[in-house]
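Each chain, written out:
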Amino acid sequence: MSRLLRGVCAVGPRGMPQGPGPRCCRSFSSGEWEPPPPGRGDWAGRRRWSALAWAAGGAVAAVVAGLGLARQAEMKQQQAHWQPRGEPAVAAAEDELARRCERFMAPPVSGLRELREQRGEMRGRMELLIMETQSQVCRALAQVDRGAAFTVDRWERKEGGGGISCVLQDGEIFEKAGVNVSVVFGNLSEEAAQQMRSRGKVLKAKNGKLPFCAMGVSSVIHPKNPYVPTIHFNYRYFEIEEADGTKHWWFGGGTDLTPTYLNKEDAVHFHKTLKEACDEHNPELYPKFKKWCDDYFYIKHRGERRGIGGIFFDDLDSPSKEEVFQFVQSCAKAIVPCYIPIVKKHCHDKFTPEEKLWQQIRRGRYVEFNLVYDRGTKFGLATPGSRIESILMSLPLTARWEYMHAPPVDSREAEILEVLRNPKDWVH
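Residues numbered from 1 in each chain as written. Predicted model: local features only at pLDDT ≥ 70, side-chain atom pairs only at ≥ 80, totals over all residues. Heavy atoms only, no water.

### Remarks on helix 12 (residues 353-372)
Filter applied, for reference: Numbering goes from the N terminus for both helices and strands, where a helix is a DSSP run of H or I of at least four residues and a strand is a run of E of at least two. In this scheme, a helix's expected span is set at 1.5 Å multiplied by one less than its residue total. Buried residues are those whose accessible area, probed at 1.4 Å on protein chains only, stays under 20% of the maximum for their type, while exposed residues exceed 50% and partly exposed ones sit between those limits.
Between the first and last C-alpha of helix 12 there are 29 Å, a value that for 20 residues agrees with the 28 Å anticipated at 1.5 Å per step. The element helix 12 is largely enclosed, with a buried count of 14 among its 20 residues.

And the structure:
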């Protein structure tokens, strides 16, 4: 993976266009959820079955009992119709794919049939990874915040594709936690194409059109307790087809931490976990992407970083598609272990009204960065058909701006500001 550092451009859009469309909402709560059984009915039947089982919170037996004999007979027919056929290895692979999808927060955006047809292609593999990441993170958060429920909002984009937004609000631990998946396709707008060309990409349109496919998982988690930091992560894949059929692809993403108060042990744990994920592939990656993160999440008009960093990269397209995918997969798997132990450690810490006020002021800085500088937010807001609710999911429920606020010298508030102005090396 020594070549993985090549092909990394300086900047790139962090978000993908998301559009409005029909939505299907449900709730997912912690504690007693169990996945529905891996039936083999057609996909529409499977989605109906999944929706019933999920809404029942895992009470599958009760759902079946309430269906009636006619409905049960229909489900049996669907299961028989979708009995895997062909060679045993193919049938086993299809069955395993169905079981894997049943563990997601909702059926995959592309549908099981399409994912089967895309078996082995990066588009299908990346969609499974982001769906799996969404599910793992949501379950971990729900386990910590007992009794909290995620609203699962499935939406469609009329231009092509759609997504699944999972949002928890006003929990005991988390004030707002959102984990979004989007899988969209169509033709790039001229504005989006110009933005990519400005980053050095040579894109040749045909009749003014550039077909694209973009997918990713994105999350921002705002806890209630000021001693629990906010976390953001985003991992995405982009594919563009030029007029002559040439395809360009790249990955991007990162994970970063924004604490209200500095805890050095937490900072070391967070960065070490991300470094270990990077080091599995190349020891040069962490320092490269750590610096990129510090430089990117910089609030220029304040002269400070948004948080204590992490890793960030974009336009990653070498040494090979498979090697970069494996690296992104390692980064995604590091999200829960780098963050959840910190949440558990501090979620019941006592805090004062003054400390809560400081958290609100720091959240104001978070909002400033996202609305003024964040490329993903700006890209989404400027894209026709964008889904505004999902784009602005990153903003906290509450924030505060006080005129000319300055913390006392040598205070804990001043300590975190010093680190935000002068990034530190946390792992050496």
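Structure shown, so let's carry the discussion forward.
### Things to note about the pairing of strand 7 (residues 247-258)
Note the cut-off: Criterion used throughout: strands pair if DSSP finds at least two bridges between them.
The element strand 7 is extensively covered by neighbouring structure, given that 10 of its 12 residues are classed as buried. Both strand 6 (residues 230-241) and strand 7 contribute to a ladder of 12 bridges, which runs antiparallel. Looking at strand 7, one finds that Thr 230 is bridged to Thr 258. Following strand 6, the chain reverses through five residues before pairing antiparallel with strand 7; Gly 245 in that reversal takes a positive phi of roughly 95 degrees. Strand direction decides the pairing type here: strand 7 and strand 10 (residues 309-316), joined by six bridges, are antiparallel. Its bridge partner lying in strand 10, Phe 251 is registered against Leu 316.

### Here we look at the pattern of salt bridges
Put simply, the rule reads: The salt bridge criterion pairs a side-chain nitrogen of Lys or Arg with a carboxyl oxygen of Asp or Glu, the two atoms within 4 Å.
Per the counting criterion, the structure on display carries 19 salt bridges. With a closest N to O distance of 2.6 Å, Asp 279 and Lys 275 form a salt bridge. Taken together, the residues span about one helical turn, with Asp 279 and Lys 275 both in helix 8 (residues 264-279) at a distance of four residues. You can call Lys 275 partly exposed: its relative accessible area is 21%. Arg 302 is paired through a salt bridge with Glu 368; the nearest N and O atoms lie 2.7 Å apart. Of this pair, Arg 302 sits in the loop between strand 8 (298-299) and strand 9 (304-305) while Glu 368 sits in helix 12, and the two are 66 residues apart along the sequence. Salt bridges sharing partners connect three or more residues here, namely Asp 95, Glu 96 and Arg 99.

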